[in-house]
Amino acid sequence: MSDAELVLRSTRVITPEGTRAASVAVAAGTITAVLPYDAPVPETAHLEDLGDHVLLPGLVDTHVHVNDPGRTEWEGFWTATRAAAAGGITTLVDMPLNSLPPTTTVAHLRTKQQVAADKAHIDVGFWGGALPDNVKDLRPLHEAGVFGFKAFLSPSGVDEFPHLERDPLARAMAEIAAFDGLLIVHAEDPRLLASAPQQPGPKYADFLASRPRDAEDTAIAQLIREAKALDARVHVLHLSSSDALPMIAEARAEGVRITVETCPHYLTLTAEEVPDGASEFKCCPPIREAANQDLLWQALADGTIDCVVTDHSPSTADLKTDDFATAWGGISGLQLSLAAVWTEARRRGHGLEDVVRWMSTRTSELVGLDDRKGAIAAGRDADFAVLAPDETFTVDPASLQHRNRVTAYAGRTLYGVVKSTWLRGQRIVADGEFTEPKGRLLTRTN
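The structure presented is a predicted model; accordingly, all values stated were derived computationally and were not measured.

**A few points about the overall build of the chain**
Alright, step 1. Within the chain one finds 12 helices and 18 strands.
Alright, step 2. Along the three orthogonal principal directions, the C-alpha set of the chain runs to about 70 × 45 × 45 Å.
Alright, step 3. Out of the 446 residues in the chain, the part that is buried amounts to 61%.
Alright, step 4. Across the chain, every contact between residues at least 6 apart in sequence was considered, and the portion connecting residues at least 24 apart equals 74%.

**Concerning the pairing of strand β5 (residues 54-57)**
Alright, step 1. Of the two faces of β5, both are covered, the one formed by Val54 and Leu56 as well as the one formed by Leu55 and Pro57.
Alright, step 2. In this sheet, β5 lies alongside strand β1 (residues 6-15) in parallel orientation, the contact comprising two bridges. Paired with valine 13 across the bridge in β5 is leucine 55.
Alright, step 3. Sheet topology note: the β5/strand β15 (residues 384-394) ladder contains four bridges and is antiparallel. Each residue of the ladder has a partner; that of valine 54, found in β15, is leucine 387.

**Observations concerning the nonpolar core**
Alright, step 1. Judged by nonpolar contacts, the single largest core of 99 residues is most densely connected at Phe149, Leu183 and Leu239.
Alright, step 2. Here the element with the most residues in this core is helix α11 (residues 337-347); it accounts for six residues.
Alright, step 3. Discounting chain neighbours no more than four positions away, the residues touching leucine 239 are Glu216, Ile220, Ala244, Leu245, Ile248, Val260, Glu261, Thr262, Tyr266, Leu296 and Ile305.
Alright, step 4. In this structure, Val93, Leu131, Phe161 and Leu442 belong to the second largest nonpolar core, which totals 18 residues.

**As for the environment of arginine 257**
Alright, step 1. Locating arginine 257 in the fold gives a position in strand β13 (residues 257-262).
Alright, step 2. Overall, the relative accessible area of 33% leaves arginine 257 in the partly exposed class.
Alright, step 3. Separated by 30 residues in the primary sequence, arginine 257 and alanine 227 place their C-alpha atoms 7.4 Å from one another.
Alright, step 4. With residues up to four places along the chain from it excluded, the contact list for arginine 257 reads Asp180, Asp231, Ala232, Arg233 and Val234.

**What about the packing of helix α4 (residues 166-178) against helix α7 (residues 213-230)?**
Alright, step 1. Close contact between α4 and α7 brings their axes to 10 Å; oriented N to C, the two are set at 40°. In this view, α4 runs oblique relative to α7, as classed from their interaxial angle. In this structure, the crossing between α4 and α7 has a hand that is right-handed. Counted together, Arg166, Leu169, Ala170, Met173, Ala174 and Ala177 of α4 and Gln222, Leu223, Glu226, Ala227 and Leu230 of α7 form the full contact between these two elements.
Alright, step 2. Partitioning the contact of α4 with α7 into residue classes produces eight nonpolar, one polar and two charged.

**Examining the side chain of serine 420**
Alright, step 1. Relative to the elements of secondary structure, serine 420 occurs in strand β16 (residues 413-423).
Alright, step 2. Looking at serine 420, its side chain comes within polar contact range of the side chain of tryptophan 422, at 3.0 Å.
Alright, step 3. Leave out the neighbours within four places in its chain, and serine 420 touches Phe384, Ala385, Val386, Arg427, Val429 and Ala430.

**Side note on unusual backbone geometry**
Alright, step 1. Each neighbour pair has its own omega, and for leucine 100 with proline 101 the value is 10°, a cis peptide bond.
Alright, step 2. Mapped onto the secondary structure, proline 101 falls in the loop between β7 (89-94) and α2 (106-116).
Alright, step 3. The omega torsion of the bond from cysteine 284 to proline 285 falls at -5°, within 30 degrees of zero and hence cis.
Alright, step 4. In this structure, asparagine 67 takes a positive phi of about 70° despite not being glycine.
Alright, step 5. Positionally, asparagine 67 belongs in the loop between β6 (59-64) and α1 (77-86).

**Description of α1**
Alright, step 1. With respect to burial, α1 is a largely interior element, eight of its 10 residues being buried.
Alright, step 2. Of the positions making up α1, those classed as buried are Phe77, Thr79, Ala80, Thr81, Arg82, Ala83, Ala84 and Ala85.
Alright, step 3. Here the buried face of α1 lies against β7, α2, β8 (123-126), β16, β17 (426-430) and β18 (433-434).
Alright, step 4. Immediately downstream of α1, the backbone of glycine 88 shows phi near 85°, a positive value.

About the thresholds
Per chain, residue numbering runs from 1 following the sequence as it is written. For a predicted model such as this one, the threshold for reporting local features is a pLDDT of at least 70, and the threshold for listing and counting side-chain atom pairs is 80 or more; totals across whole chains, interfaces and linings nevertheless cover every residue. Based on all heavy atoms of the structure, the side-chain values leave hydrogens and waters out of the count. A run of H or I in DSSP becomes a helix once it reaches four residues, and a run of E becomes a strand once it reaches two; helices and strands are each numbered from the N terminus. The classification of residues rests on relative accessible area computed with a 1.4 Å probe and restricted to protein chains. Under 20% of the type maximum is buried, over 50% is exposed, and intermediate values are partly exposed. Here, two residues are considered to be in contact whenever any of their heavy atoms come within 4.5 Å of each other. Any two strands with at least two DSSP-identified bridges between them are counted as paired. Within this scheme, the nonpolar core is defined by two criteria: the residues are buried Ala, Val, Leu, Ile, Met, Phe, Trp, Tyr or Cys, and they are joined through side-chain atoms within 4.5 Å. For every element, the axis is a line fit to its C-alpha atoms; helices are fit only across the contacting stretch, and the angle between N-to-C directions ranges from 0 to 180 degrees. By definition in this entry, angles of less than 35 degrees are roughly parallel, angles greater than 145 are roughly antiparallel, angles of 65 to 115 are roughly perpendicular, and the rest are oblique. Throughout, a crossing is termed right-handed when the near helix is turned clockwise from the far one, and left-handed when it is turned anticlockwise from it by less than a right angle. Note on residue categories: nonpolar means Ala, Val, Leu, Ile, Met, Phe, Trp, Tyr, Cys or Pro, charged means Asp, Glu, Lys or Arg, and polar means any other residue, Gly included. Any pair of N or O atoms that falls within 3.5 Å is considered a polar contact. Within protein, one atom must be able to donate a hydrogen and the other to accept it, and sequence-neighbouring residues count only if both atoms are side-chain atoms.

Any link to function would need more than the numbers given here.
This is the structure in structure tokens:
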């Protein structure tokens, strides 16, 4: 490690080969070596001795709504990336909607990048959007470096981002498959949603009935059929229905190129515990019952579900009314995602290596950043989270970095305190103190 500028030493370093005591050498923002714990440190290098705190690769969250510009009062790059850094996330990929303009043309992408450039505390990439009328824009967006394209199969909730019916979906998928891009899909069937009982008011049971599992299952079945016909790469966003898992596993066995994510709120919160009127728990698809949650965890364990991402989708507090039918649907989870997932994972017998696989390694693979992110290994960016996994904290909304401090986790006691977060070998937050923004804008490179 003669060229090392920084060495981070811990008795517990999570590497691709397992957890071990190690010294991690860093030079010019890159991991140069993972060495034995007692490897000699050059006089020119700074040693950061982390003791028994766990050193893990910075998390990569590929599903975040930053809403900037245009709805910056909902969130913004400054606040979202601070919240992410506080939670051990070092890379996020921003969703193409809820901002104005949406990321549906190269010009709109450039606007987003310009706004984010000097506000990002962590690295930021961008998804493009697939709309009924922008097929001509998909290849230019791909060439401009978006990581893939998001589509809705049911209304998105914002007028400027309409959903795709079957024929527009097939056209968009065919175009994206032509350059082997990735289509990521909010899969709920609009006809089944429209025919479900729609009972406004504060009762969570009524809202849950309005977003039935069948709507997810039918839309995923349609997505699988189209992907199989076109040999397209597709990804199911925020899976909440465990009923869809067998067909996903079967499709994979048949060679369909399909991946799947779920979210911390589906893994840690249950329909049975949502209070009436508490629309901080509202999201679409919805948080479902405890028995459904058990099957999602089983699918994570067996690999049917690939990864866990936040779907951080904030709004101003006034939009979170006590009427589930009209309240904004979205859960803010960036800062708390690692602790929330770890708390439930450890209860169910999973280890931190599993959490890293779901929230860093596989998310990096999903967007093609696995040559730079997602592991503590030579040649990767020196992005780290330092975690005290056995320490607990009680969620106080006032301590959150999100612009609007509304959270479904308020008052919950969680395991896993992030002591510091590092980006390319520089500590960007420690004990609640942040540096100036050091994040870079990322583009797809393959």
